[in-house]
Each structure stands twice: as C-alpha cells, then as structure tokens.
Amino acid sequence: MGIGKELLILGLMCMLGKCFSDCPRGFGSVLGKCVDINECDEDGCGNNTMCFNTNGSYYCQCESGFRDAKGQVNFTEDSGQCQDVNECLEERGICGHGASCSNQIGRYYCTCLFGFINSSRSTKGCIDIDECEQANICGEKGTCKNTDGSYLCECPEGFTNYGNERTLCSELDCDDFSAASGPTQSLGGLANILSMMRHSCLSLSNPNATFDERLNGDALLERILTATDAILSPGHVDSSEGVSALLSTLENSIMLIGPQLKKNLTRMGTNETDAEIVVQRGDIRPTGPIHLTNDNATLDTDWETATGTGKYPGFALAALLSYKNLKSSGERSFEELKGLEKDGVDPSIRIYSRVVSVLVSNPSTQHLRRSVNITLRHVEDTDASLEVSYICAYWNEREAWSTDGCYQQSSNASHTVCTCEHLSSFAVLMALYPMEHPFALQMVSRIGLIISVVCLTLCILTFKFCRSIQGTRTTIHLHLCVCLLLADIIFLAGISRTEPVGGCRFVAAMLHYFFLGVFAWMLLEGVQLYRMVVLVFNANIRPLYLIVIGYGMPLVVVVVSAIIRPNSYGTDKHCWLSVEDGLIWSFFGPVCLIIIINVLFFIITVWKLAQKFTSLNPDLSTLHKIKAFTVTAIAQMCILGLMWVFGALLFEKSRTAEVAAYIFTILNSLQGALLFFMHCLLSKQVRDEYAHFLSCICTPQKKRYSDLSSTNPSSSQSQASKSAQHTGESQI
C-alpha cells in the first residue's frame, strides 16, 4: 500500500513539471525562468581534456600533448576520447642537433647527448663541447682534434692510444722486446716471442701503419701463449736466467696486449699456460673489486690498486698468468731464503705450486697501498706438519726466490693464501725438514751393520779357505757375501753424507750396483739348484760365466740408469736413488724380476725333488743335501726380498714408513749374521773345519805331535773315508 502511494505522487509531479516547464535542452527552470546549465561543472569531458560551456550546450577539446582518437577538435564526452601524442616519433628533430627526445604522457623532454651541452643562447638547445680545450686531454705529446660531439687523439711516432681514439697517447718502449744474447739465445722460442711483440709494438707506435699491419689483441695473445708452449713443452727451463727472461718477456707482452683486447674479460688457456685478463676503459677511473681465477690460482684485489695514483691513461687492466710446468732448477734459486732453520737444521726446499704472474696497469707496484691476496693451489694435497711448512715467495730481480713483502695468510692441505705488498711472479714453496730418526733406531742400525760386516767377513774367509766345501755353490756364496759386505760398508759410511753432491751420487751408484749384485748372485744360486736337480750330470757352471753374469748384469743396469738420469742419484736426505722421477724402479724392477724367476726355479726344484724321493732307487744322501741347499736358498731369498719390501714402504708418507724403517733396519743389519748362521754354522763340514782350526790353535804343539804319532791305521782309514765323503759333497 505504501509503495503505490509513492508512485502516485511521483507521477503527479512529472505531469505538473511537463505542464509547467517550457525550458529547452541545456536549460533549467529557476523561479519560472529558463537558465543555462553549465555542464563543465559536472566534469563531463573526462581525463586529459578541456571543457568549454556554451549557451544551452558545451564542447570538449584535448589538452596539449593529447589528440582525439577520431581526429576531432571539438567533441563531447560521448563522441570523443583523448590519447597521448608521441612527439618524439611524429616530429623528428624536435629537440634539435645533439639532443635526444624522451616521450612522456602528455609531454616530452630533451637531453643533450654525450659531447654536447645545453645552451640558452642556442635556439637548437644543445651545442658541441670542444674537449680539446681541456689541457693534456690527449697526453703531453698527443694532438687533439675536436669532432661533432666527440674528439680524437692523434699520437706521434713512438706513442700510441692502442686504437682507442679518445685515449691519451702513451709512450712505447719497443726496446723491451729486443732479442739480446744470453738466455734469449738459449731459449729459441723466446726469440720468436720477442720478434712478434717488437713488430706489434713498432706498428702501434707508427701513426702511418695500416690496420692490416697490426694484429688484434686476441690473435696476438693466442700466438704468444702458443709460442710459450713451445718453450716449456720440451722440459723445464734449466736456469734462473732463463726463468727471469721468460717471465719478464711475457709480463711486458701482456701489458702491451691487454689494452688491445676487444672484450672486457678475456680467458685463454693452452697446454702450458692459463691467462685471464680484465680491462676497463673510460674517462673515469674504475672502482670496485677484482676477482680473477683459474685452476691453479686466484687473485683478489681492486681497481684502485690496478690504476694507482698516477695519471689515468683512459684504461686499466689486471691479469693473472699461470705457468703449469715452469720450475727453476738449482739450489741457487733458494739462496736468499733465510731464517728457515729449525733446531739448527736447514730444510730442503721445493716449488709446491704453479708459478703465477700478477700484472696491473699501475706502473708503481713495488709498494702497494693495499695488499693483494693470491690463493695458490698445491701440486699435491699435503697437510702442514712439523716436517712440512709452506712459504709464500716471489721471483725477484736478482733471479732468486724471496719472501720480502709476502706473508702466508692461511694454508690447508690443498691451498695456501698469500698476502703481498707488491706484485711479481709468485709461488708456494714447501720447506721439508728431515725427520730425525730415533736414537734407538740409529743405534740398532750401527751395531747391527757392524755385526753384519764381521759375520760377512767370516763367511768370505770360510768360503775362500775351507777346502771341504769348495764348488760352484760356494763360489756363488762367496761373491754374494763380497757384494753384501761392500754394500754394508758403503751404507754404514756414506748413506747420510749428502755433501758434496758428486760424492753422494757416487755412493748412491755404488749402493745401486752392489745391492743389485747381491740379487744377481742370488739368481745364479737358483739357476745352480735347478741344474743340480734337472741336469744331474755336468751341473756346475764355469766360474768365468758366473763372474760375467754376477757383476756384468748389475753394471749394465747402473750404467744405463746413470746415462739416462744422472741427477737422480742422490737426494736431499740420503745418498740413494730418487723416488720422484722413477729411477728407483731401476733397482726394484730387476729385484722383482729376479725374485719371480727364483720362485719359479724353486717350485720346479721342489717338484723334481718330490719325484725323486718317490722313485724306486733314490740316492737319499744326495737328495737330502740338495733339499737342505734348497731350504737355505729359499730362506736367503725371503730374508733379502722381505728386507726390500719394507725398503719400498720407506717412501710412503704415513705412519707405516716409521714401522717399515725399524723392520728394514733390523733386517739390513742382521742379514750378514743370518747368512753366516745358515751357510756356515748349520753346515757340519764347516763346523768340523772350525773345530779343527780351533783345536790347532788351542792344543799345545807337543800334544799334537804325540797324538799324531799314536794315530792307529784304523783312525787313518776313517779320516781318509771322511775326506772322500767331504769331497763328494763338495762336488754336489
């Protein structure tokens, strides 16, 4: 009911309005009069428009920077819409010469290009800057030529801007690449590098040189690194002078090549070198950190260090160059390393990382304001210990390693971080302190070797003068003991005397020869036992053949080894064969081969003996003697072979080496006593000879005559029978 009443009232009001209002569209009745309605008060045009009221109506226009979508100038809200006008596209050159246009909603703005400046006096807005008005913008010797929005520098002969027209002219000293006598001549590839770099330097410093005459930086860098491979591939540079010449040449080359590289960061590697070079160009000095890395080293520094405090040449560079196989030989390279003694003992020093060169464009790198950090990877993973310490060193102008201004920041098994106050070529050196053997071990070695020498001397005298045991086998034992006696005497007197170097090498060669001789005679004993069992008749070997094989075979091995690797005889610790370059296998190789051959001989011998023992009519006396000979020969081989098994373990860097040292020392010291026990004391014939000899010394002369006269015929026959028995055994 309420809703119907409201609708009735609304209808009556409309009828009254129609009946009583005669105002046209756009006008409204005010106190019975028609008055214009201002549509603009109601914001009837929308965004980015201007509204204009008219008598009884209105119209819209777009604001400056906008245009109606249909191209109309006047429109109403229902018939038009304003859109932004991109003046930068529709009006080319709207900002004038030397300026760039940037569009925004409803407007645009102009910015002067690099090399131009805004001037209120110019109707065009931006005018060219004459950079040549700045003092020495091209350097003291360069000539500046202004261009529209830029400039270029022209360099006289002897100066260059490395192909960068807006870089100041820097003086080039091409004499740095002149091939002089000395190390350059001995390193043939180095002369080629110097020739290439001198040609490039002269081309850069010649303003009339064409572009074709100049190699680009990347191609030149590749050629230089390839030429370096030719120097290092055949082997290590063998002199300190050669190391200095190569390092200096490549450092100068990188400083000349760096500004010519196209990219800001260049990495290039070959078989022998790795190079990483970063370059920044511009009118403003670069800032921020520098981080260069490769497989062998890492450099951490900053651009402030790379540019220095001197005049900025328009570019800055930093480079990390790693040499994979560059080592300086000779102890003279380490002579400036002082203060490394520990408990009065000087360590042996070796290069334990790749050699790396660090370069920056800063010409003053001897005293840097900020230290640089260089992380170097070790050649092998080894923890620092009481016997091992790591040293950060650089290659100085005196052609030697030095530690001045370089400190070890931290170190682990694989890397060492060095902090240095100057730049050069760096490496990690390992100081290896000799591990002192315990006093007990030294005493066991000396006392045991003295006992061994005495026992071997008794063996030699026994084998030489005991007539009842003379034969091929005794001859073999005689010379085996001679070789072992001489080896023990040399070992006792000279194994630790590493100075002078020539004497140490001679001692090592003699030990090599006589220890090989011991195994050569042991091989002949195996051959003799084999012949005794297999051939039975004519089993003896002529003494001349024994001498030729027993002493000739070791001599051939030693002579060949000395010719191939003469410097590997003698080490920093002992006068023995070097382990590093594999010469030790010239001893272990023949020893292993002889042991294998002897094992085969002994297996065949035992097998044949077993067959003969089971035969119908075995000669038990002879077979038992051969059996005894075989057992002693096998025991002898086990003693000598087992000793050198532990000798091989001495070269392991572990706790095993200490245990092996005790066992090796004990076996080495007592082998003479063991040979005396097996070949002399266990032999009944030898014991009888000893008893007879002692009886001759201890029994009074008168008693011996009476005993001789009272000897009955049966006793004489017994002695004759015994002598015949001994003679038969000696033939075996």
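Computed from a prediction, not measured in an experiment: that's the story for all the values here.

Once that is clear, we can look at the overall build of the chain. Helix and strand content of the chain: 17 helices and 27 strands. The buried share of the chain, taken over its 732 residues, is 42%. Residue pairs in contact within the chain that sit at least 24 positions apart in sequence constitute 62% of those at least 6 positions apart. Roughly 40200 Å² of accessible area belongs to the chain as shown, and the carbon and sulfur atoms make up 57% of that amount.

Our focus in this paragraph is the nonpolar core. Generally speaking, a soluble globular protein has its nonpolar side chains buried in company with each other. In terms of nonpolar packing, the biggest core is built from 55 residues, with Trp521, Trp576 and Phe587 touching the most fellow members. Of all the secondary structure elements, the ones that give two or more residues to this core are α8 (439-465), α9 (472-494), α10 (501-534), α11 (543-564), α12 (585-613) and α14 (655-681). Among the elements that take part in this core, α10 stands out by supplying 15 residues, more than any other. Formed by 51 residues, the second largest nonpolar core is a distinct cluster that contains Ala245, Leu261, Ala319 and Ala431.

Turning our eyes to something else, we now look at the state of the cysteines. Disulfide: a covalent bond formed between the sulfur atoms of two cysteine residues. Following the criterion strictly, the structure yields 14 disulfides and no others. For Cys132, the disulfide goes to Cys144, at an S-S distance of 2.0 Å. One disulfide, between Cys132 and Cys144, carries an S-S torsion of -75 degrees and so falls in the left-handed class. In this pair, Cys132 is assigned in the loop between β10 (126-128) and β11 (143-147) and Cys144 in strand β11, connecting sequence segments 12 residues apart.

Looking now at the pairing of strand β8 (residues 107-112). The sheet contact formed by strand β7 (residues 99-104) and β8 spans six bridges and is antiparallel. Paired with Cys101 across the strands is Cys110, a residue of β8. Taken together, β7 and the strand that follows it, β8, pair antiparallel across an intervening segment of two residues, in which Gly106 is found at a positive phi of about 85 degrees.

Here five strands make up an open sheet; going across it, the order is β17-β18-β22-β26-β25 and the pairing antiparallel. Two strands bound the open sheet, and with one partner strand each, they are β17 (289-293) and β25 (406-411). Direction aside, the axes of adjacent strands within the sheet are offset by 20 degrees on average. For strand β22 (residues 372-377) and strand β26 (residues 415-420), the ladder comprises six bridges, and the chain directions are antiparallel.

Next up on the list: the pattern of salt bridges. Applying the stated criterion across every chain yields a total of 10 salt bridges. Note that Glu154 and Lys145 form a salt bridge whose closest N and O atoms lie 3.1 Å from each other. Overall, Glu154 belongs to the partly exposed group, its relative accessible area being 35%. The partly exposed category is assigned to Lys145, whose relative accessible area is 42%. Each member of the salt-bridge network shares a partner with another, and the members are Asp302, Glu304 and Arg370.

Moving on: the confidence of the model for the chain. Mean pLDDT over the chain stands at 78; residues scoring 70 or higher make up 77%. In the predicted structure, residues 16-20 sits below a pLDDT of 50 and forms zero contacts with residues beyond four places in sequence or in another chain.

A word on the packing of α9 against α11. Two elements in contact, α9 and α11, have axes whose closest approach is 11 Å; the angle formed by their N-to-C orientations is 30 degrees. What the angle tells us is that α9 and α11 run roughly parallel. As for the relative orientation of α9 and α11, their crossing is right-handed in sense. Together, Thr472, Thr475, Ile476, His479, Val482 and Cys483 of α9 and Leu546, Ile547 and Tyr551 of α11 make up the contact between the two elements. Each residue belonging to the contact of α9 with α11 can be placed in one class, and the counts come to six nonpolar, three polar and no charged.

As a further point, take the packing of helix α5 (residues 217-232) against helix α6 (residues 240-257). The N-to-C vectors of α5 and α6 enclose an angle of 170 degrees; their axes lie 10 Å apart at closest approach. Considering the angle they form, α5 stands roughly antiparallel to α6. In this structure, α5 contributes Gly217, Leu220, Leu221, Ile224, Thr228, Ile231 and Leu232 to the contact, and α6 contributes Leu246, Leu250, Ser253, Ile254 and Ile257. Split by residue class, the contact of α5 with α6 holds nine nonpolar, three polar and no charged.

Summed over all chains, the structure comprises 11 aromatic pairs. Relative to Trp401, the ring of Trp395 has its centre 5.2 Å away and its plane inclined at 75 degrees; by these criteria the two rings are edge-to-face. Here the two residues Trp395 and Trp401 agree in accessibility, since each one is buried. Ring geometry for Trp576 and Phe587: centres 5.4 Å apart, planes at 75 degrees, overall edge-to-face. Here Trp576 is found in the loop between α11 and α12, whereas its partner Phe587 is found in helix α12, with 11 residues between them in sequence.

Following the sequence through the fold, Val428 ends up in strand β27 (residues 425-432). On the accessibility criterion, Val428 (0% relative accessible area) is buried. Residues Val428 and His415, 13 residues apart in the sequence, show an inter-C-alpha distance of 9.1 Å. Not counting the four nearest positions on each side in its chain, Val428 is found in contact with Arg350, Ile351, Tyr352, Ser353, Leu376, His378, Tyr390, Ile391, Thr416 and Cys418.

What follows deals with α5. Taking 1.5 Å per residue, 16 residues should reach 22 Å; α5 reaches 23 Å between its end C-alpha atoms and fits that length. Two to three positions downstream of the cap, the backbone nitrogen of Asp218 sits 3.2 Å from a side-chain oxygen, assigning the N-cap of α5 to Asn216.

Let's shift gears to unusual backbone geometry. Apart from glycine, the bulk of residues carry a negative phi angle, and the bulk of peptide bonds sit in the trans form. Positive phi outside glycine occurs at Asn48, with the angle close to 60 degrees. Within the fold, Asn48 resides in the loop between β2 (33-36) and β3 (49-54). Asn48 sits in the partly exposed class, given a relative accessible area of 31%.

With 22 residues, α11 should cover 32 Å at 1.5 Å per step; its first-to-last C-alpha distance of 32 Å lies within 8% of that length. Maximum bend of α11: about 30 degrees, positioned at Gly552, with proline Pro554 one to four residues after it. For α11, the full list of buried residues reads Leu546, Gly550, Tyr551, Pro554, Val558 and Ser561.

A cluster of nonpolar side chains, namely Ile450, Val454, Leu458, Leu461, Phe465 and Leu492, defines an oily patch on the protein surface of about 550 Å² accessible area. For the nonpolar patch, the element with the most residues is α8, which contributes five residues. Considering the arrangement of structural elements, one finds Phe465 in helix α8. We classify Phe465 as exposed; its relative accessible area is 61%.

The next thing to look at is the side chain of Thr375. With respect to the helices and strands, Thr375 occurs in strand β22. Every residue in contact with Thr375, bar those within four places of it in the chain, is listed here: Asn296, Ala297, Thr298, His415, Thr416 and Val417.

Moving on to the side chain of His378. Structurally, His378 can be placed in the loop between β22 and β23 (388-395). The class of His378 is buried, set by a relative accessible area of 4%. In contact with His378, other than residues within four places in its own chain, are Tyr352, Tyr390, Ser411, Asn412, Ala413, Ser414, His415, Thr416 and Val428.

This part takes up the environment of Arg354. Within the fold, Arg354 resides in the loop between β20 (348-351) and β21 (355-360). Linking Arg354 and Asp295, residues 59 residues apart in sequence, is a C-alpha distance of 10.0 Å. Not counting the four nearest positions on each side in its chain, Arg354 is found in contact with Asn296, Ser322, Tyr323, Lys324, Asn325, Leu376, Arg377, Phe426 and Ala427. For Arg354, the side chain forms a polar contact with the main-chain oxygen of Lys324, separated by 2.7 Å.

Cut-off values and rules
Throughout this document, residue positions are counted from 1 along each chain, in the order its sequence is written. Since the coordinates come from a predicted model, pLDDT governs what is reported: local features require at least 70, and pairs of side-chain atoms require 80 or more to be given and counted, while whole-chain, interface and lining totals use all residues. Just so you know, side-chain values use all the structure's heavy atoms and leave hydrogens and water out. Numbering of helices and strands starts at the N terminus; helices are DSSP runs of H or I of at least 4 residues and strands are runs of E of at least 2. For the exposure calls, accessible area comes from a 1.4 Å probe over protein chains only, and a residue counts as buried if that area is under 20% of its type's maximum, exposed if over 50%, partly exposed in between. Should any heavy atoms of two residues lie within 4.5 Å, those residues are considered in contact. To measure how exposed things are, a 1.4 Å probe is used in the Shrake-Rupley method; for residues, cover is taken only from the protein chains shown. Buried Ala, Val, Leu, Ile, Met, Phe, Trp, Tyr and Cys residues form a nonpolar core when they are joined through side-chain atoms within 4.5 Å. Two cysteine sulfurs form what is called a disulfide whenever their separation falls within 2.5 Å. Paired strands, in this sense, are two strands between which DSSP finds at least two bridges. Here an axis means a line fitted to C-alpha atoms, over the contact stretch when the element is a helix, while the angle between two N-to-C directions is reported on a 0 to 180 degree scale. The working definition used for a salt bridge is a side-chain nitrogen of Lys or Arg within 4 Å of a carboxyl oxygen of Asp or Glu. pLDDT is a per-residue confidence score from the predictor, ranging from 0 to 100. When describing relative orientation, an angle under 35 degrees is termed roughly parallel and one over 145 degrees roughly antiparallel, while 65 to 115 degrees is termed roughly perpendicular and anything else oblique. By definition, any crossing whose near helix is turned counterclockwise from its far helix by less than a right angle is left-handed, and any crossing with a clockwise turn is right-handed. Residues are sorted three ways: Asp, Glu, Lys and Arg are charged, Ala, Val, Leu, Ile, Met, Phe, Trp, Tyr, Cys and Pro are nonpolar, and all the rest, Gly among them, are polar. Here a Phe, Tyr or Trp ring, Trp counted by its six-membered ring, pairs with any other such ring whose centre lies within 6.5 Å, and the pair is stacked when the planes are under 30 degrees apart, edge-to-face when over 60, and tilted otherwise. Each residue after the first adds 1.5 Å to the expected span of a helix. N or O atoms within 3.5 Å of each other form a polar contact, as long as, within protein, one can give a hydrogen and the other can take it, and as long as residues adjacent in sequence are counted only when both atoms are side-chain atoms. Throughout, the bend at a residue refers to the angle made by two axes, fitted to the seven residues ending there and to the seven starting there. To count toward a patch, a residue needs a relative accessible area over 30% and no salt bridge; like charges are then connected within 9 Å, while nonpolar side chains (Val, Leu, Ile, Met, Phe, Trp, Tyr) are connected within 5 Å.

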